[in-house]
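# Descriptive analysis of the structure
Single-letter residue listing:
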Amino acid sequence: MAIYEKLEARPAPLGTRGIIHWIKENLFPSILSSVLTIISFYILYIIVPPLLDWMIFDATWSGTKEEITKEGARWIFIFEKFNQFIYGFYPEELYWRPNLALFIFAVYVIAFKRVNVKLKAFIIISFPIIAFILVSGGFGLEHVETEKWGGLLLTIIVASVGIVASFPIGILFALGRQSNMPIIRTLSIIYIEFIRGVPLITLLFMASVILPLFFPEGMDFDKLLRALIGITLFQAAYIAEVVRGGLQAIPKGQYEAADALGLTYWKSMGLIILPQALKISIPNLVGSFISLFKDTTLILIIGLFDILAMVTLTNNDTNWLGFETEGYVFVTMIYWIICFSMSRYAKSIEDKFNTDHK
Amino acid sequence: MNKHKRAKQSGVAFYNNPDNRAIIYQILALVLIFFLAYFILNNMFTNIEKRGINTGFDFLGSEAGFGILQSLIQYDESNTHGKVFIVGLLNTILVSVIGIIFATIIGLLVGIGRLSKNFMVAKLSLIYVETFRNIPILLQILFWYNVVLASLPSPRQSISFFDSIFFNNRGLYIPKPILESGFTAVIIAFIIAIFSVIYLSKWAKNRHDKTGQEFPIFFVSLAILIGAPLLVFFISGNPASLEIAALKGFNFKGGWTLIPELLALAFALSIYTATYIAEAVRSGIEAVPKGQKEAASALGLKDHVILKKVVLPQALRVIIPPVINQYLNLIKNSSLATAIGYPELVTIFSGTSLNQVGQAIEIILMTMAVYLTLSILISILMNYINSRMQIKER
């Protein structure tokens, strides 16, 4: 008769779970990988601590210019010039007007989902008018010339006008390119490919130098308006290509079904095809908007003062010379935050649409 | 046409026939375009005449009268605006080629790094992509030029590598190879090596098709391509030497000089475009279904054969079109050089020449034509590659 002894349960094997296992699997699985891990840590070591020192620990956050003793960033420059970075040369006592426009925009965005179609249309049409009157003046408000618009305010104005105005034009060209009328199609293709083939800066030069020659004398265009025309024409071609991608992804049966219902071309496009095509194009549209937002920096080359141009301009102040680095870093952070959040938004929509198994 | 016939039979009015309507719309569109063109051209000619601007391309033959910071060909102030155009075009091509080479290398490495199983490598690659993709390229160019390169030491305190490469706020100085007469032999050896490699790979493929035996074609080719010219180089007694830049007075003389404008532009363009190439590479490799790799290894193929024969051919089909698109974007973005004054096409031709001559229409159209030609050439190339790479279905 055998004697059975009760054995204690063995301890869970080390190194198949827990943090040590994770490190072994993900950081040091092989010699090559271990070398790469060490190199990566070294890269972080040479970049991150000096950067943090410069930006935070060694930085000057308060006081006056004369009191600067630390080696790091002198953020007091940004605090001093903050208003210029945001509003350009906009009169200080009128800052409330762009602020109010921004506030109305926020209210509209919140209200937008909760109202019916008629109110939605009202919001979409009324906001640009209200915003324009608030920023520019008129109806009893003091007029502010466009030369005084600048900084982040101008960047946002250029980007939003570019986005809003190019959208319908882009859709028309996308439909034109898909049309079965040969002349319309050819014209659309020529336009789209021409614009996409040349750099934005040449289009801006064209808008600022050649465009005035196209119109009878006395018809003077504002410098900002010329830049806006250039940017809108540019962006429309890119929107057209994105929307075309969406149109081509719609199954042919949808087009045929719309025809079979006896809908006219515009009704079948407006009610059946475009709502679907635009919906699947949203991630790419946002991507195109991000590009446009980054491209607005080019207007400084034709002499408009967007937020990037403010870096040079604020450094022309004889009291504040040699603060370019802080200026560039500040503007970089603003662009990065805006572009990164937009791209996250595009990604989240993409994931929502993407119901594939992974 | 079928529709047309049907419409006729059912007694639809002429203007309600879709085919007739299409024709009417198109005629209207054409008329509108012609009117617009007439309006614009008419105003343009009146305005040009009133302002006393010259027309035509005669200015291309007149003396430019300004110097250019960097030129690949012989250029001085007495040369014509036509020559300025060529100098600018060559500089555009120079910075684009440098940018494309480095963007491809960085993009490839980072794109593969994104898929690495190594946590640190994957995360660092992700941080790189997300950081530089979300900062406007113009801002990056200005940052490298105005902040980083401007803060480098003066020529007397240059940073030097191996006492032959010097880096300071006037640029990067690298040794310049001086070729002597015997060097032609090396070039001939290199050409012969190329042809023998082509022949060898054909032979290896044939043998593989017939017998199934493999030949380490990659390493052998590499050895021939590097070895043969090197051997001839030493046999013929080093027919080349390096001219190293040396500090003379306040600046370096001799060697090759890369001006800061070129460095900042090429650096920013490579780093920015590399993020997009990395994303293209990543999504291309991810687009190959997992089953493909599993099926290949179930067939008993080795890892490197799977990569070469199964994964890469399928991934490249997805990767190449967006990458070529990015090359095109890089070429177009090189026009931002005008913000820092690197003398490429837009800076010196649409900038300096335009200011001197004042013929905006001709000059801007010529500049646009250059970029359009480049982009048409590249899209022809892309269509060719696409049709070559397309899966042949039935």
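Conventions and cut-offs
Within each chain, residue numbers correspond to sequence positions counted from 1 in written order. A letter from A marks each chain and a number from 1 marks each ligand, given out in the order of writing. Totals for whole chains, interfaces and linings use all residues, but because this is a predicted model, local features are given only for residues with pLDDT of at least 70 and pairs of side-chain atoms are given and counted only at 80 or more. All the domain ranges listed were derived from an automatic or database domain assignment. Think of a nonpolar core as buried Ala, Val, Leu, Ile, Met, Phe, Trp, Tyr and Cys residues, each tied to the set through C-beta atoms within 7 Å. Residues with at least 20 other C-beta atoms within 10 Å of their own are called buried, those with 12 or fewer are called exposed, and the rest are partly exposed. The C-beta atoms themselves are positioned from the backbone. Going along the chain from the N terminus, every DSSP run of H or I of four or more residues is numbered as a helix, and every run of E of two or more is numbered as a strand. Two residues qualify as a contact pair if the distance between their C-beta atoms, derived from the backbone, is within 7 Å. Here a strand pair is declared whenever DSSP counts at least two bridges between the two strands. Angles shown run from 0 to 180 degrees and are taken between the N-to-C directions of axes, each axis being a line fitted to C-alpha atoms and, for helices, limited to the stretch in contact. We call Asp, Glu, Lys and Arg charged. Ala, Val, Leu, Ile, Met, Phe, Trp, Tyr, Cys and Pro are nonpolar, and the rest, Gly among them, are polar. An angle counts as roughly parallel when it lies under 35 degrees, as roughly antiparallel when it exceeds 145, as roughly perpendicular when it falls between 65 and 115, and as oblique in every other case. Crossings are sorted by hand: turned counterclockwise from the far helix by less than a right angle, the near helix makes the crossing left-handed, and turned clockwise it makes it right-handed.

Here we take up the domain arrangement of chain B. We note that the domain assignment places domain 1 (2-51), domain 2 (81-175 + 244-389) and domain 3 (182-238) within chain B. Computed over C-alpha atoms only, the centres of domain 1 of chain B and domain 2 of chain B are separated by 44 Å.

This paragraph deals with the nonpolar core. Across soluble globular proteins, you tend to see nonpolar side chains buried next to one another. In this structure, Leu204(A), Ile141(B) and Leu265(B) are the most contacted members of the largest nonpolar core, which totals 124 residues. Sort the elements by how many residues they give to this core and helix H8 (residues 260-286) of chain B lands first, with 16 residues. In this view, Leu204(A) contacts Ala227(A), Gly230(A), Leu298(A), Ile299(A), Ile301(A) and Ile302(A); residues no more than four positions away in its chain are not counted.

Residue and element names in this part refer to chain B. Read across the open sheet, the four strands follow the order S1-S2-S3-S8; overall the sheet is antiparallel. Looking along the sheet, the strands with just one partner apiece sit at the ends: strand S1 (159-161) and strand S8 (256-258). Strand-to-strand, the axes of this sheet are offset by a mean angle of 15°, without reference to chain direction. Bridging between S1 and strand S2 (residues 165-168) involves three bridges; their strand directions are antiparallel. Bridge assignment links Phe 161 to a residue of S2, and that residue is Ile 165.

Turning next to the domain arrangement of chain A. Residues and elements named next belong to chain A. Examined at the domain level, chain A breaks down into domain 1 (81-144) and domain 2 (145-349). Averaged C-alpha coordinates put domain 1 and domain 2 at centres separated by 20 Å. On the side of domain 2, 14 residues touch domain 1, which itself brings 12 residues to the contact. With five residues, helix H3 (residues 76-87) is the single largest residue contributor to the side of domain 1 that touches domain 2. For the side of domain 1 that touches domain 2, the class distribution of residues is nine nonpolar, two polar and one charged.

Residues and elements named next belong to chain A. With their axes 10 Å apart at the nearest point, helix H10 (residues 252-260) and helix H11 (residues 265-295) run at an angle of 165° to one another. Here H10 lies roughly antiparallel to H11, going by the angle between them. H10 and H11 meet at a crossing whose hand is right-handed. Packed against H10, whose contacting residues are Gln 254, Tyr 255, Ala 258 and Asp 259, the element H11 presents Ser 268, Ile 272, Ile 273 and Gln 276 at the interface.

A common way to express how large an interface is: the accessible area buried when the components associate. The partner chain B presents 44 residues to the 43 residues of chain A that form the contact. When contributions to the side of chain A that touches chain B are tallied by element, the ones reaching two or more residues are helix H2 (31-57), helix H7 (182-197), helix H8 (200-210) and helix H13 (324-353) of chain A. Among the elements that take part in the side of chain A that touches chain B, H13(A) stands out by supplying 10 residues, more than any other. Each residue belonging to the side of chain A that touches chain B can be placed in one class, and the counts come to 30 nonpolar, 10 polar and three charged.

Residue and element names in this part refer to chain A. For the pair helix H6 (residues 151-178) and helix H9 (residues 223-249), the least separation of the axes is 6 Å and the interaxial angle reads 45°. Accordingly, the angle class assigned to the pair H6 and H9 is oblique. In this structure, H6 crosses over H9, and the sense of that crossing is right-handed.

Residues and elements named next belong to chain B. Going residue by residue along S2, you find Phe 166 and Asn 168 tucked away on one face and Ile 165 and Phe 167 left uncovered on the opposite face. The antiparallel pairing of S1 with S2 creates a hairpin that spans three residues between the two strands, and Phe 162 there sits at a positive phi of about 55°. Inspection of the sheet shows S2 paired to strand S3 (residues 171-174) by three bridges, in the antiparallel sense. Along S3, the bridge assignment pairs Phe 167 with Leu 172. What sits between S2 and S3 in their antiparallel hairpin is a turn of two residues.

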